[in-house]
Amino acid sequence: MSASAKAVVGFLVGRPLVAIALAAAVVGIMLLFTHRQKTPVTHRVQHVGLTDAQQMQLGTQEYAKVLRANGARIVSSGPQYAEVQRVARRIEAVASRDKPGFVWRVTLIKKNEANAYCLPGGKIVVYTGILPVTDNDAGLATVLGHEVAHATAEHVAERIERNHLTKVAAAIIAGGVAVTPQQFVRVTALLGVGSSLPFSRSQESEADHIGLIYMARANYDPHEAVAFWKRMQRASRGQQPPEFLSDHPSDAHRVSRVEGWLPEAEREYGPHT
Ligand SMILES: [Zn+2]
């Protein structure tokens, strides 16, 4: 111990009340900071109450339910299965740099609906109905980048915190003790399974931004994201807009916003990454 450190310890030993006050301040600051963190890529300060491990448990519980409900429709071979696994592996490898604790897994479900989602903690579901719109690996990387970004930016946990449901979610994770059916429904609605609208517009835009950077880091040409979002817009002009679009509200500015992030994405794209 250095002389100055000894002097500090000597000062505190002589003044126990000061030492207690200092310790309380340190604990207070630590509690404060457990709820304040920054999103990857966009570096936005956010408030999240659930830990990574709790988010993983919440996502895994819901994922098990989805797999049980869709057992017969799970695709586990063939070219579409291979494509989803191939693209997901590259996007997951990039997302893992931001969330090393998450355990990633992707399941393809035979469903004629243009949708995909990623549960908290890294469990991804893709419907076969989106593959005609993604068209190629880079298009699928756009979708997976976007969905995975919702998980690494902890958008569900953030909304749970904003809705003052963190304690309820923690109880569900711990086994559902003292949770009413209404509370349970409120938390699971925020998970975004099916066609609910769990995210805010700003979170959707943030997922577009982070997802674009992720696909570039995974070495997919980010310009393909612009082509994909244009295809999605065209698909939505038909009589039956794809579910993916109603989950992810498209507006006239979406493509131009994505184009605005292209220079940043281009710097991440290429053999150097
Ligand atoms: Zn989204």
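Everything here concerns the structure above.
Owing to the predicted nature of the structure, the values given are computational and were not obtained by experimental measurement. (Residues numbered from 1 in each chain as written. Predicted model: local features only at pLDDT ≥ 70, side-chain atom pairs only at ≥ 80, totals over all residues. Heavy atoms only, no water.)

A. Local environment of the overall build of the protein chain. If you tally the helices and strands in the protein chain, you get 14 helices and six strands. A sequence separation of at least 24 residues applies to 70% of the contacts in the protein chain between residues at least 6 apart. (Helix = DSSP H or I, 4+ residues; strand = E, 2+ residues; numbered from the N terminus. Contact = heavy atoms within 4.5 Å.)

B. Examining the environment of S76 more closely. On the secondary structure map, S76 appears in the loop between β3 (74-75) and α4 (79-98). Here S76 falls in the exposed class, since its relative accessible area comes to 56%. Counting along the chain gives 32 residues from S76 to L108, while the straight-line C-alpha distance between them is 7.5 Å. (Buried < 20%, exposed > 50% of the residue type's maximum accessible area, 1.4 Å probe, protein only.)

C. Representation of the nonpolar core within the structure. With 49 residues, the main nonpolar core has I91, I124, V126, L144, V148, L212 and M215 as its most contacted residues. A total of eight residues in this core trace back to one element, the largest contributor, which is helix α6 (residues 137-152). The contact partners of V148, leaving out residues within four places of it in the chain, are I91, A95, W104, C118, I124 and Y214. Formed by 24 residues, the second largest nonpolar core is a distinct cluster that contains V48, L50, Y63 and F199. (Core = buried A, V, L, I, M, F, W, Y, C linked by side-chain atoms within 4.5 Å.)

D. Geometry of the environment of F199. You can see F199 is positioned in the loop between α9 (181-189) and α10 (201-217). We classify F199 as buried; its relative accessible area is 16%. The spacing of F199 and H155 is 44 residues in sequence and 7.3 Å in space, taken between C-alpha atoms. Each residue touching F199, except ones within four places of it in the same chain, is listed here: H150, H155, V156, R159 and E204.

E. Here's a closer look at the sheet that holds β3. Ordered by their spatial adjacency, four strands build an open sheet running β3-β4-β6-β5, and the pairing between neighbours is mixed. Whereas interior strands pair on both sides, the edge strands pair on one side only; in this sheet they are β3 and β5 (116-119). Of the pairings in the sheet, the one linking strand β4 (residues 105-109) to strand β6 (residues 123-127) comprises five bridges and is parallel in character. Across the sheet, L108 pairs through a bridge with V126, a residue of β6. (Pairing = 2+ DSSP bridges.)

F. How the structure looks around the packing of aromatic side chains. This structure, assessed with the given rule, holds three aromatic pairs. With a centroid separation of 4.9 Å and an interplanar angle of 65°, the aromatic rings of F228 and W229 are classed as edge-to-face. Assigned by exposure class, F228 and W229 land together as buried. Seen from the ring of Y220, R90 lies directly overhead, with NZ or CZ sitting 3.9 Å from the centre. One Lys or Arg, R254, reaches over the ring of W229 and ends 3.7 Å from the middle of that ring. (Phe/Tyr/Trp six-rings, centres within 6.5 Å; stacked < 30°, edge-to-face > 60°. Lys NZ or Arg CZ within 6 Å of the ring centre and 35° of its normal.)

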